[in-house]
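Understanding the architecture of this molecule
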Amino acid sequence: MTGAPGGRDPAGPSGLRVTWLGHSTVVLDVPRAGGGTARLVTDPLLRRHAGLLRRRGDRPDTDAWRGADAALLSHLHHDHAELGSLRLLGDVPVLTAPANARWLRGKGLRGVGLDLPPAAGHPPGRDVAHHAAQHAPQHGDWHDVAGVEVRLTAAVHGDRPMPHRPNGASGHLVRGRGTTVWAVGDTEHHAGVGRVRELAGGRVDVALVPVSGWGPRLSGGHLGPRGAAEVCAEVRPRVAVPVHWGTLHVPGGQHLPRGWMDHAGEAFAAACRRAAPDVRVVVLQPGGTWRDTPGDDDGLEHVFG
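Remember, predicted model here, so these are calculated numbers, not experimental data.

Now for the packing of aromatic side chains. Taken as a whole and judged by the stated rule, the model has one aromatic pair. Ring centres 5.5 Å apart and planes at 15 degrees place the aromatic pair W20 and W245 in the stacked group. Here W20, found in strand 1 (residues 17–22), pairs with W245, found in the loop between strand 14 (239–243) and strand 15 (248–249); they are 225 residues apart in sequence, far enough to count as distant. Here R175 stacks its cationic end above the ring of W142, 4.0 Å away from the centre of that ring.

In structure tokens:
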């Protein structure tokens, strides 16, 4: 790769480039209003494995994520908050829920706590509002990082709480020049999910949607292909990229049952054709990159790394 720091190649005409490194790790090269791009990495899993979970295939190419400006962390489960991977990014801000950020700072990382926007019809209480008036970012507002804007979105992911780590969960909205990306984060389909479009300013261009897990059966707090398609039908992103599938497995569980790791991306695309036919689905393979090209609106695209 040539042409930009950190191994970045020239972006497509709209400036947005999306590279899926497996599981929930996505490198977003987002156009800045003042020119150039900001590189954000979601839930970085950059090493070979995540605790006891095994990665299928090679670890991500360093050039794919080198030069990151910030990390977006949805929650602290080990397959999303892998400390060794976060440290590989260097001294970059890690944007997450406040309790998670405090925990990360205790581990020597630069955790930045962002508040969730108040629920619709429920403005922040007096104490929260006073604190927001005195500290930036304000309660639920956009936070500037590397020339683009980020805010949290609600997620419901209460299953399998960890006794030794905070259990806050969220998604992220990222707003750059001419584009808005929603990293959904691990969640079930909840009543407030439709508000994401409002929080995004009325438009979501690209959604990174979890569609499976690290086993053939999903625990609560997750989306499968059909649930992910229903979320897309409600939020109506222009493009949806399935993530959180086909990457991690328990030891010895890669082929039990045979083929389970390979189906979720296509199953999500099929479910979207039924539930959200106006959403363009881009199915990436680990290491694959998609560039947002105006006017290229095929219903389904496969991109291979």
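Residues at a pLDDT of 70 or more form 85% of the protein, whose mean pLDDT is 87. Confidence over residues 9–13 falls short of pLDDT 50; this stretch has twelve contacts with residues more than four positions distant or in other chains. Under a pLDDT of 50 for its full length, residues 121–138 has, in the predicted model, ten contacts with residues more than four places off or in other chains.

What follows concerns the environment of L52. Take L52: it is sitting in the loop between strand 4 (49–50) and strand 5 (53–55). Residue classification places L52 among the exposed positions, given a relative accessible area of 72%. Each C-alpha atom of the pair L52 and H249 lies 8.9 Å from the other, and the pair is 197 residues apart in sequence.

What follows deals with the packing of helix 6 (residues 225–235) against helix 7 (residues 264–275). Closest axis-to-axis distance for the helix 6/helix 7 pair is 8 Å, and the angle between their directions is 40 degrees. Here helix 6 is positioned oblique relative to helix 7, judged by the angle of their axes. The element helix 6 and its partner helix 7 pack so that their crossing is right-handed. For the pair helix 6 and helix 7, the contacting residues are P225, R226, A228, A229, C232 and A233 in the first and A264, A267, F268, A271, C272 and A275 in the second. Considering only residue class, the contact of helix 6 with helix 7 consists of eleven nonpolar, no polar and one charged.

Within the sequence span of helix 6, burial applies to G227, A228, A229, V231, C232 and V235. Residues of helix 6 that are buried in the fold lie against strand 12 (179–183), helix 5 (195–199), strand 13 (206–210), strand 14 and helix 7. Of the residues trailing helix 6, R236 is marked for its positive phi of about 60 degrees.

A sheet is described by the order of its strands in space; here seven strands give the open sequence 8-7-6-3-2-1-17, paired in mixed fashion. At either end of the open sheet lies a strand with only one pairing partner, and these are strand 8 (110–113) and strand 17 (289–291). Averaged over all pairs of adjacent strands, the angle between their axes in this sheet comes to 25 degrees, without regard to strand direction. Sheet topology note: the strand 7 (residues 93–96)/strand 8 ladder contains four bridges and is parallel. Among the inter-strand pairings, V94 is bridged to a residue of strand 8, identified as G111. This element, helix 3 (residues 98–106), spans strand 7 and strand 8 of the sheet and lies at about 165 degrees to strand 8.

We now examine the pattern of salt bridges. Working definition: two side chains of opposite charge can pair if their charged atoms are close together. Using the criterion set out here, one finds twelve salt bridges in the structure. D69 is the salt-bridge partner of R32, the closest N and O atoms lying 3.8 Å from each other. Highlighted residues: R32 in the loop between strand 2 (25–31) and strand 3 (37–42) and D69 in the loop between helix 1 (62–65) and strand 6 (70–72), separated in sequence by 37 residues. The residue D63 makes a salt bridge to R66 at a minimum N-O spacing of 2.3 Å. Judged by relative accessible area, D63 falls into the partly exposed class, the value being 25%. The network of salt bridges with common partners includes R203, D205, R238 and D292.

Here is what the cut-offs are and how they apply
- Residues numbered from 1 in each chain as written.
- Predicted model: local features only at pLDDT ≥ 70, side-chain atom pairs only at ≥ 80, totals over all residues.
- Heavy atoms only, no water.
- Phe/Tyr/Trp six-rings, centres within 6.5 Å; stacked < 30°, edge-to-face > 60°.
- Helix = DSSP H or I, 4+ residues; strand = E, 2+ residues; numbered from the N terminus.
- Lys NZ or Arg CZ within 6 Å of the ring centre and 35° of its normal.
- pLDDT = per-residue confidence, 0-100.
- Contact = heavy atoms within 4.5 Å.
- Buried < 20%, exposed > 50% of the residue type's maximum accessible area, 1.4 Å probe, protein only.
- Axes fitted to C-alpha atoms, helices over the stretch in contact; angles between N-to-C directions.
- Parallel < 35°, antiparallel > 145°, perpendicular 65-115°, else oblique.
- Left-handed = near helix turned anticlockwise from the far one by under 90°.
- Nonpolar A, V, L, I, M, F, W, Y, C, P; charged D, E, K, R; others polar.
- Pairing = 2+ DSSP bridges.
- Salt bridge = Lys/Arg side-chain N within 4 Å of Asp/Glu carboxyl O.

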